[in-house]
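# Fold and contact review
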Amino acid sequence: PVYRLYCCGLRLEDYLDVYLDVTDFRAIHQRPATPDTPILEHAKKIMEKFFGEDALRRLDYPPSMLQTIHDGIKNNKVTPTIFDAMCAHTFKHLEENTLSSFITCDAYTSFIEGDKAHRKNNPSDIGESDIDAVYQKIKTYQNA
């Protein structure tokens, strides 16, 4: 939440949303399980959300990248990796424009200090049993 607010202050929250949506897209569709939304429909929703006529803000992506994705959707050749180039471009954009300034900003420092104080005052919040349970849950999900 702190990073999202920081991105909002720089008017880059849409890039963060793109990154989160396309990484979720890949995670959902690379699994053998059947997702709730078919892959073609999901890809169309993402493109419409960020690049449709009703999009709230215009994002700066190379036209050739967008055209490749549009062509894949139009020709029904959507794979879990269709947004990988967009994901890499977005991560690089966020990294270059926010990451170094974020980790040195007052909001991040306050967040870290508050988190350290909370863990110091509530050591039972992060017990070995909790970590083991979370680890087992993640491993079960990954192996499903």
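Use the structure listed above.
About the cut-offs
- Residues numbered from 1 in each chain as written.
- Predicted model: local features only at pLDDT ≥ 70, side-chain atom pairs only at ≥ 80, totals over all residues.
- Heavy atoms only, no water.
- Helix = DSSP H or I, 4+ residues; strand = E, 2+ residues; numbered from the N terminus.
- Buried < 20%, exposed > 50% of the residue type's maximum accessible area, 1.4 Å probe, protein only.
- Contact = heavy atoms within 4.5 Å.
- Areas by Shrake-Rupley, 256 points an atom, 1.4 Å probe, with all protein chains shown as cover.
- Axes fitted to C-alpha atoms, helices over the stretch in contact; angles between N-to-C directions.
- Left-handed = near helix turned anticlockwise from the far one by under 90°.
- Core = buried A, V, L, I, M, F, W, Y, C linked by side-chain atoms within 4.5 Å.
- Nonpolar A, V, L, I, M, F, W, Y, C, P; charged D, E, K, R; others polar.

## Let's talk about the overall build of the protein chain
Scanning the protein chain from N- to C-terminus turns up 7 helices and 0 strands. Starting at the N terminus and walking to the C terminus, you meet the elements of the protein chain as α-α-α-α-α-α-α. Across the 144 residues of the protein chain, 27% fall into the buried class. Look at the contacts in the protein chain between residues 6 or more apart in sequence, and 66% of them connect residues 24 or more apart. For the protein chain, the accessible surface area stands at approximately 10,100 Å², while carbon and sulfur atoms represent 55% of it.

## Let's talk about the packing of helix α2 (residues 13–29) against helix α5 (residues 84–102)
Helix packing geometry: the angle between the two helix axes and the distance between the axes. Direction vectors running N to C along α2 and α5 enclose 145 degrees, while the axes themselves pass 9 Å from each other. Relative to α5, α2 is oriented so that their crossing is left-handed. Residues Tyr15, Leu16, Val18, Tyr19, Val22, Thr23 and Arg26 of α2 form the contact with α5, whose own contacting residues are Asp84, Met86, Cys87, Thr90, Phe91, His93 and Leu94.

## Points about unusual backbone geometry
Not every positive phi belongs to a glycine, and Asn76 is a case in point at roughly 55 degrees. As for its position among the elements, Asn76 is in the loop between α4 (63–74) and α5. By relative accessible area, Asn76 is classed as exposed at 54%.

## Comments concerning the nonpolar core
Ranked by internal contacts, the top residues of the largest apolar core, which has 24 residues, are Met47, Phe51, Tyr61, Ile69, Phe83 and Met86. Contributions of two or more residues to this core are made by α2, α3 (39–51), α4 and α5. In this structure Phe83 touches Val22, Phe25, Ala43, Ile46, Met47 and Ile69, once residues within four positions along its chain are discounted.

## Describing the packing of helix α1 (residues 2–9) against α5
Where α1 contacts α5, the axes come no closer than 11 Å and their chain directions differ by 115 degrees. Where α1 crosses over α5, the two elements pack in a sense that is right-handed. Where α1 approaches α5, its residues Val2, Tyr3, Tyr6 and Cys7 are matched on the opposing element by Leu94, Thr98, Ser101 and Phe102. Partitioning the contact of α1 with α5 into residue classes produces 6 nonpolar, 2 polar and no charged.

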